[in-house]
Amino acid sequence: MRVCNILPANRCWAAVRLWRKVTTWSAVGAAFNSNPVRRLDLLQRHGLFGVPELSSTEGFERVQRRALLEAEQLVAKACRTAPGASTVEVFDKLSDTLCRVADLADFIKVAHPDPEYREAGEKTCIKIGTAVEKLNTNVELCRSLKNLLDNQEVMDQLDPETRRVAELFMFDFEISGIHLDEEQRKEAVDLNVKLLDLNNQFLMGCHMPNRIDGRALPTHIHHHFTSEGNYLQIGGLHADSPDDVVREVAYRIFLYPNRDLMDILDQLLSCRNKLARLVGYESYAHRALRGTMAKNPDNVMNFLQLLTDKLKDRTEKDFKMMKDMKCKLNPRNPDLMPWDHSYLSGVIRAERFNIEPSLYSPYFSLGSCMDGLNALFTQLYGVSLLAEQPSAGEVWSEDVRKLAVVHETEGLLGYIYCDFFIRPDKPHQDCHFTVRGGRMQDDGRYQLPVVALMLSLPRPGRDAPTLLTPAMMENLFHEMGHAMHSMLGRTRYQHVTGTRCATDFAEVPSILMEYFATDYRVISQFARDYQTGQVFYAALDQAYHGKPQSRSTTDILIDLQQKYYGLPCVPNTAWHLRFSHLVGYGAKYYSYLMSRAVASMVWRQCFQKDPLNRDTGERYRREMLAHGGGREPMQMVEDMLQKKPSMEDFVDALVSEMDPDFESIIMDSEN
């Protein structure tokens, strides 16, 4: 059991073509292009997400107690249920009971502006998480499931989704150490509980700003950073700043090593390795990659090395273009440094392809983007986004919008809460959270999925809407891809609903949405981030979660940065201490690359010629979105592409995006 939460010259911007025809905003467009007007509800105050108890922080304790009591009753029921589909149904109800509390709390601990709510959410996560780890080593509970799996006659009568969910629940038992003796099982639980705390500590540290005495920095750059008395806070890399000094200062200070956080990371990696070895795996990476498309660490490293080798010449050309551009912009300081990559890539794109953001950003108001998404989903799936007025107390900030997702024949599919705007103490990260998974209930009605999307967009002004840069628009489409994966899935069990699937498949729907947002044949002509950055990050992630090495995490980073990135590591910086994906994507960061490869193949084969084709949209939903984690991920890919892709196919799909010459070679070989 797991508690799961938290995406050419003749331009093909499918959604943009639709919204550029708009002369007046739809209700959903208007909702995002203006500040919200909240309805006064003086008689009744609802709780967060409509949960009555969560109108106060004390309500978390009540919701938590109720969930644990119900879980206890469901465990007893599971242990006395005869082998059959009902066994899986009880297990899924048990999982849903705990996930509905833990997933909601997991979001609140990150997003709520009130620190007391964040603390209550964090305590709830730890409490429910501890209970889950104990259930995963409950021998009697496991035996009830094993009785089903060992009964071949009964298993043969189950539908494929039910059989797979039963096997996934058993997999959760196995990776938690159910086969160990009592003392070792207790050790496994203790290690998992310790990891919950270490994960939280590392995530908090990753996002904490560093500060420096303002007198140490040139006064002309002070306004780029947040003032705190005599100090300046540096809370990010400022990677797109046109000022070389700002970029360098931000890079050196934000990434300055923190000894305490280094110790936490060391403990986290050691604890993960110890847990993996305890339950019978060669390394944490071997444990984490079971059930994924990649299968094991050797396949991942083979994938990354193949990609690196095929991109070598292209990477060298791109770095030379960036170095030449820096010489042109700053001849007195021409050396190419890590803090230059993002900014210079953007400058070269703008110069070569005349895509300066100021030329077209008026088209990309947030409202117009939401109108475009609405039109796109209507054409592809028969789905509309309807803006709803939240009840008093239902949302955690007044600028959160609520969307109902409605199908033209199936009716209401679920809800999306859109927390899109920056505010104090809100993490600068874009992500999707499952708040409630979809499942078939005992009464035959479907439990509607609820998700929350978090972005970091500037707030609309009094007379002007929020305008999106191309990167912001791409992120919006990405996260909406995750949301629609959750909305369009109709699995029988919440354990495999929506994004609750193999990590290297979960990013496919979100990355595919990026193709609808961008003219990929133009953008991809130069240095996508994954060309150098993501391969390096993925290789580093694998090294940290492979067999322990007799050297520091910093030494490992220095070595791999030289091998996979091409620019040297800057002394007295610790980029890995800002690598928050080590928590949620431990040993699985390669998933962005593999998912992008799959999305690229799906786009080119299915959507590129006619991105608004309803039949293709329905087929995509039927073959991939509808199943969540209820089918083997590679089987869904094979069914959609109508062939079994190899590791070479994945690599070639990525390389062809960046190198037109390579793409023509691939197309010739296929003809």
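Residues numbered from 1 in each chain as written. Predicted model: local features only at pLDDT ≥ 70, side-chain atom pairs only at ≥ 80, totals over all residues. Heavy atoms only, no water.

### Overview of the sheet that holds strand E10 (residues 450-457)
For the record, the criterion: Should DSSP find at least two bridges between two strands, the strands are regarded as paired. Only DSSP runs of H or I covering at least 4 residues are called helices, and only runs of E covering at least 2 are called strands; the numbering of each starts at the N terminus. The convention used is that axes are lines fitted to C-alpha atoms, helices contributing only their stretch in contact, and that angles between N-to-C directions extend from 0 to 180 degrees. Note on definitions: a residue-residue contact is assigned when non-hydrogen atoms from the two residues lie within 4.5 Å.
Here we have 5 strands laid out as an open sheet, ordered E4-E5-E6-E10-E7, and mixed in their pairing. Lying at the two open borders of the sheet, with one neighbouring strand each, are strand E4 (383-388) and strand E7 (431-436). Strand-to-strand, the axes of this sheet are offset by a mean angle of 25 degrees, without reference to chain direction. Pairing between strand E5 (residues 401-407) and strand E6 (residues 411-421): 7 bridges, direction antiparallel. In the sheet register, Val405 faces E6, and the bridge partner there is Gly414. Strands E6, E7 and E10 of the sheet are contacted by helix H4 (residues 85-111), whose axis makes an angle of about 140 degrees with E7. Running over the sheet, helix H17 (residues 470-488) touches E4, E5, E6, E7 and E10 and is turned about 175 degrees from E10.

### Examining the nonpolar core
What counts is decided by this rule: Within this scheme, the nonpolar core is defined by two criteria: the residues are buried Ala, Val, Leu, Ile, Met, Phe, Trp, Tyr or Cys, and they are joined through side-chain atoms within 4.5 Å. Think of it in three bands: with a 1.4 Å probe and only protein chains considered, a residue is buried below 20% of the maximum accessible area for its type, exposed above 50%, and partly exposed in between.
Counting 149 residues, the largest nonpolar core has Phe202, Ile416, Phe420 and Leu476 as its most contacted members. Here this core takes 11 residues from helix H24 (residues 591-607), the largest share from any one element. Look past the residues within four positions of Ile416 in its chain and what remains in contact with it is Arg401, Lys402, Leu403, Val405, Val451, Leu453, Met480, Ala483 and Met487. Residues Val63, Val132, Met155 and Leu168 belong to the second largest nonpolar core, which totals 58 residues.

### Things to note about empty space enclosed by the protein
Put simply, the rule is: Cavity and pocket criteria rest on a 1 Å grid covering protein atoms alone: a 1.4 Å probe that fits but cannot get out defines a cavity, protein on both sides within 12 Å along at least 5 of 7 lines defines an open pocket, and an atom within 4 Å of a point defines a lining residue. Grid points are joined across faces, edges and corners, and a volume is the space filled by probe spheres set on the points. Residue type decides the class: Asp, Glu, Lys and Arg count as charged, Ala, Val, Leu, Ile, Met, Phe, Trp, Tyr, Cys and Pro as nonpolar, and the leftover types, Gly among them, as polar.
Quantified by volume, the largest cavity comes out at close to 80 Å³. Lining the largest cavity are 13 residues, and of these Tyr381, Pro509, Met513, Tyr620 and Leu625 lie nearest its centre. Taken together, the elements giving at least two residues each to the lining of the largest cavity come down to helix H16 (366-381), H17 and helix H19 (508-517). Taken together, the residues of the lining of the largest cavity sort by class into 11 nonpolar, 2 polar and no charged.

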